[in-house]
Amino acid sequence: MDIYIILGLNVLNGVASLFLLCVGLAIIFGMMKIVNLAHGEFIMLGAYATVIATNAGVNIWISMLVISPLFVGIVGLVIERFLIRYLYGRLVDSMLATWGLSLLITGIVTTIFGNTIKGVQTPMGGFSVGSYSSSFYNLFIFAMALVVIAIVFAVMRFTRLGLIARATMQNPAMSAALGINPDRVYMLTFAAGAALTGLAGGLIAPVAGITPGMGAAYVAKAFITVVGGGTSILSGSLSASSLFGSIDQIGSYLTTPVYGQVIVFTTAIILIRLLPQGISGRFFKGQL
């Protein structure tokens with residue numbers, strides 16, 4: 001029984017972590033149709049912001065929850081103004097440009113900080129269930145995923161800003177005719193997606209290996225989750241994260257982490273073949 005409790009907690013943590021890692025990409029790709037291949041580097045920047053700020057004496061909670069999303073959000077805003085704004089509607093060009101951007105960011109971070117950096121300790125203690133142990137931080141990750149879900153849902157569903165963003169993405173010409181500046185909406189939406197990605201990077205910093213190339217370990221999984229979930233931001237990301245996160249944790253437990261990854265990617269291929277519009281396109285049409 002103890003092992004099933006720990007496995008259940010690991011599954012919840014896997015689902016929550018995957019959702020946090022892909023929700024920013026879901027906003028940028030699902031709403032703006034921009035294939036951001038630098039998504040992994042945004043995660044890396046969030047992790048580096050947490051580590052650098054914490055090692056400089058800033059409280060780790062402030063580093064994770066404030067500095068990381070703020071820093072990456074500003075970086076995203078600058079990138080949107082100088083690069084992404086010229087690539088809307090140009091899918092292949094956006095892929096090539098953001099792939100080059102990912103190489104540039106990795107090179108800059110490597111030049112400044114080297115190939116490794118001193119990490120931070122995992123906050124909060126651990127607990128035991130029988131002969132098995134886990135960390136309270138895993139529960140915190142799950143709680144943060146719930147908070148992000150609530151905030152994104154509330155903003156997109158009940159605020160004027162969310163209504164304007166959704167209307168602009170669906171029909172920018174009509175929105176412009178009604179006095180809305182689509183260019184500004186695109187800028188803020190991209191910055192918001194980047195900020196959520198930075199938050200995810202900050203949250204995984206205490207439990208991940210921090211290197212300039214760490215983003216490559218997350219970008220593929222984030223993309224298959226977003227594509228598998230479909231264009232709906234929350235319903236698509238949450239359903240796909242629940243599916244792939246559970247399969248990853250259970251598959252890794254029954255076999256090895258490597259085979260767990262293979263099972264996840266195989267499942268993603270089958271899912272996309274059966275549901276080319278994603279889970280939300282088949283089961284959650286019209287939902288956020």
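None of these values were measured; they are calculated from a predicted model.

The rules behind each value
- Residues numbered from 1 in each chain as written.
- Predicted model: local features only at pLDDT ≥ 70, side-chain atom pairs only at ≥ 80, totals over all residues.
- Heavy atoms only, no water.
- UniProt positions renumbered as here; feature names shortened; annotations may be inferred.
- Helix = DSSP H or I, 4+ residues; strand = E, 2+ residues; numbered from the N terminus.
- Buried < 20%, exposed > 50% of the residue type's maximum accessible area, 1.4 Å probe, protein only.
- Arc of directions from axis to C-beta.
- Salt bridge = Lys/Arg side-chain N within 4 Å of Asp/Glu carboxyl O.
- Axes fitted to C-alpha atoms, helices over the stretch in contact; angles between N-to-C directions.
- Parallel < 35°, antiparallel > 145°, perpendicular 65-115°, else oblique.
- Left-handed = near helix turned anticlockwise from the far one by under 90°.
- Contact = heavy atoms within 4.5 Å.
- Nonpolar A, V, L, I, M, F, W, Y, C, P; charged D, E, K, R; others polar.
- Core = buried A, V, L, I, M, F, W, Y, C linked by side-chain atoms within 4.5 Å.

*Asks:* Tell me what's going on with the UniProt feature "transmembrane region" (unreviewed entry) in the protein, and back it up with residues and numbers.
*Replies:* Within this numbering scheme, the UniProt entry marks residues 6-29, 60-84, 96-117, 137-156, 186-211, 218-238 and 258-275 as carrying the feature "transmembrane region" (unreviewed entry). Within the segment residues 258-275, helix and strand shares are 94% and 0% respectively, and the terminal C-alpha atoms sit 26 Å apart.

*Asks:* Can you explain helix 6 (residues 160-170)? Please cite residues and give values.
*Replies:* All buried positions along helix 6 are accounted for by G162, I164, A165, T168 and M169. An end-on view of helix 6 places all buried positions within 160° of arc, on one side of the element. Counted as exposed and oriented over 90 degrees from the buried face of helix 6: R160, L163 and Q170.

*Asks:* Explain the pattern of salt bridges residue by residue, including any values.
*Replies:* Using the criterion set out here, one finds five salt bridges in the structure. Its salt-bridge partner being E80, residue R81 comes within 2.8 Å of it at the nearest N-O pair. E80 sits in the buried class, given a relative accessible area of 0%. D248 is the salt-bridge partner of K221, the closest N and O atoms lying 3.1 Å from each other. Here the residue K221 occupies a position in helix 9 (residues 216-229), and D248 occupies one in helix 10 (residues 233-254), the gap between them amounting to 27 residues. Residue K221 shares its accessibility class with D248, and that shared class is buried. Connected through salt bridges with shared partners, the residues E80, R81, R85 and D183 form a single ionic network.

*Asks:* Would you mind going over the packing of helix 9 against helix 11 (residues 257-274) in detail, with residue names and values included?
*Replies:* Axis separation between helix 9 and helix 11 bottoms out at 10 Å; the angle between their running directions is 30°. Considering their axes alone, helix 9 and helix 11 lie roughly parallel with respect to each other. Here the hand of the crossing between helix 9 and helix 11 comes out left-handed. Between helix 9 and helix 11, the contacting residues are A220, K221, I224, V227 and G228 on the first element and Q261, V264, F265, A268, L271 and I272 on the second. Class assignment for the residues of the contact of helix 9 with helix 11 results in eight nonpolar, two polar and one charged.

*Asks:* Quick one: what's the story with the nonpolar core, residue by residue and with numbers?
*Replies:* Grouped burial of nonpolar side chains is what soluble globular proteins tend to show. F19, L20, M31, F42, I105, V148 and L203 are the most contacted members of the largest nonpolar core, which totals 66 residues. The leading source of residues in this core is helix 1 (residues 2-32), at twelve residues. Other than its neighbours up to four places away in sequence, V148 contacts F19, L20, V23, L196 and L199. In terms of nonpolar packing, the next biggest core, distinct from the first, is built from nine residues, L18, A240, V264 and A268 among them.

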